[in-house]
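Structural overview
These are the residues of each chain, in order.
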Amino acid sequence: MIPPHLKVTHLSEIPWLSHGFFGRRGGVSKGEFNSLNIGLQKGDSLENVCQNRQRMADALMMGNAPIVFACQKHTNSVLVIDAPFKGDIPIADALVTKRKNLIIGVQTADCVPVLFIDPITKIIAAAHAGWKGLASGILQNTITVMEELGATRANIRAAIGPCIWSASYEVGSDVREAFPLFNDLFTPCKAFVNENKVNARTTFCFDLPMAAYRTLQNNGISSISPSPKDTYTHEHDFFSYRRSTHAGDSRFGGQASLIGMHNR
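Quick summary incoming for the structure in this document. Because the structure is predicted, anything quoted here is derived from the model rather than measured. (Residues numbered from 1 in each chain as written. Predicted model: local features only at pLDDT ≥ 70, side-chain atom pairs only at ≥ 80, totals over all residues. Heavy atoms only, no water.)

**Side note on the state of the cysteines**
Within the structure shown, the criterion is met by 1 disulfide. Across a sulfur-sulfur distance of 2.1 Å, C189 and C205 are joined as a disulfide pair. With C189 in strand 11 (residues 186-192) and C205 in strand 12 (residues 201-206), the pair connects residues that are 16 residues apart, well separated along the chain. The buried category is assigned to C205, whose relative accessible area is 13%. (Disulfide = S-S within 2.5 Å. Helix = DSSP H or I, 4+ residues; strand = E, 2+ residues; numbered from the N terminus. Buried < 20%, exposed > 50% of the residue type's maximum accessible area, 1.4 Å probe, protein only.)

**Some thoughts on helix 4 (residues 138-149)**
Within an α-helix, residues lying three or four positions from one another point in the same direction, as the helix has 3.6 residues per turn. The end-to-end C-alpha distance of helix 4, which contains 12 residues, comes to 17 Å, matching closely the 16 Å that a straight helix rising 1.5 Å per residue would cover. Listing the buried residues of helix 4 in full gives I138, L139, T142, I143, V145 and M146. Take helix 4 and look down its axis: the buried residues cluster within an arc of 160°, on one side only. The inward-facing, buried residues of helix 4 contact strand 4 (78-80), strand 5 (94-97), strand 7 (112-118), strand 8 (123-129), helix 3 (131-136) and helix 6 (208-218). (Expected span 1.5 Å × (residues − 1). Arc of directions from axis to C-beta. Contact = heavy atoms within 4.5 Å.)

**Brief notes about empty space enclosed by the protein**
For the coordinates displayed, the defined rule picks out 1 cavity of 30 Å³ or more. Roughly 30 Å³ of volume is contained in the largest cavity. In terms of lining residues, the largest cavity is bounded by A70, Q72, A92, D93, A94, L95, G105, V106 and A126. Every element with two or more residues in the lining of the largest cavity is listed here: strand 5 and strand 6 (103-108). Across the lining of the largest cavity, the residue classes tally to 6 nonpolar, 2 polar and 1 charged. (1 Å grid on protein atoms, 1.4 Å probe; cavity = no way out; pocket = protein on both sides within 12 Å on 5 of 7 lines; lining within 4 Å. Points joined across faces, edges and corners; volume = space filled by probe spheres on them. Nonpolar A, V, L, I, M, F, W, Y, C, P; charged D, E, K, R; others polar.)

**Brief notes about the layout of surface pockets**
Put simply, the largest pocket is a space of about 840 Å³. Forming the walls of the largest pocket are 29 residues, and the residues nearest its centre are H74, C111, H128, Y241 and F252. Those elements that place two or more of their residues in the lining of the largest pocket are strand 6, helix 3, strand 10 (170-171) and helix 7 (241-246). Looking at the lining of the largest pocket residue by residue, the classes come out as 12 nonpolar, 11 polar and 6 charged. Approximately 230 Å³ is the volume found for the second largest pocket. Its residues assigned to classes, the lining of the second largest pocket comprises 9 nonpolar, 2 polar and 1 charged.

**Quick word on the pattern of salt bridges**
Per the counting criterion, the structure on display carries 6 salt bridges. The residue R153 makes a salt bridge to E147 at a minimum N-O spacing of 3.0 Å. Between R214 and D184 there is a salt bridge, with the nearest N and O atoms lying 2.7 Å from each other. Taken together, the residues R214 in helix 6 and D184 in the loop between helix 5 (173-177) and strand 11 connect sequence positions 30 residues apart. For R214, a relative accessible area of 24% puts it in the partly exposed group. (Salt bridge = Lys/Arg side-chain N within 4 Å of Asp/Glu carboxyl O.)

**Some thoughts on the side chain of Q255**
Within the secondary structure, Q255 sits in strand 14 (residues 255-261). Relative accessible area serves as the criterion here: at 2%, Q255 is assigned to the buried category. At a separation of 2.7 Å, a polar atom in the side chain of Q255 contacts the main-chain amide nitrogen of F239. Those residues in contact with Q255, other than ones at most four positions away along the chain, are F22, G23, R24, I38, V106, Q107, T108, A109, T231, F238 and F239. (Polar contact = N/O pair within 3.5 Å; in protein donor to acceptor, adjacent residues only side chain to side chain.)

So this is what it looks like as structure tokens:
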């Protein structure tokens, strides 16, 4: 079975590029990981995850190419790679490469995935941006590393994938304080009051994908496609860390956003 995945026009029109924002459908995993889980951290079997990853490579028509993920920790670290990792997987939240027949990607379950391409210099990147990584500069760092390899900001195209949207993303004042330039992207959600009705704590709904979009714009990227779907509300299509947490589930899957260059 070829798993369904979302594509964007300004990346699809590049003939030697494959990309896709995959969801949770089209895989072999069971239970909480049903069905296209690509993460091993929560208890799914290695066999299932390997089969799911192969199905995604086949869907991109790059079935012989390895898929590479870093160990994501909500950092602003970016790695340049030209081959799969050997031994321990390094910590990073973005990967950049010029190598053909190598698929790079990020795993998400609400955070923002962003795929990049400079079609002139043929440099690609994949970044994982939760609020901590976004606030500390993961997208800016990804663009800078692409430039160091020869890319030009004016030529870079970016695509933001499915992630949690504002109405589903309730945050506290710590998140608001981390984004002083994006105050208009926060709207009050509710106030929590303790038994004595003092020390009320207001929470906010934060438009995380728009914050990513503006960050890209503010850093010289003009060709950007916005997030197409909310991972929280589309239960049958996407995994969601927050939705699982609200349901009391400690185990949940992760979906992949992938990009690679081929010789066709």
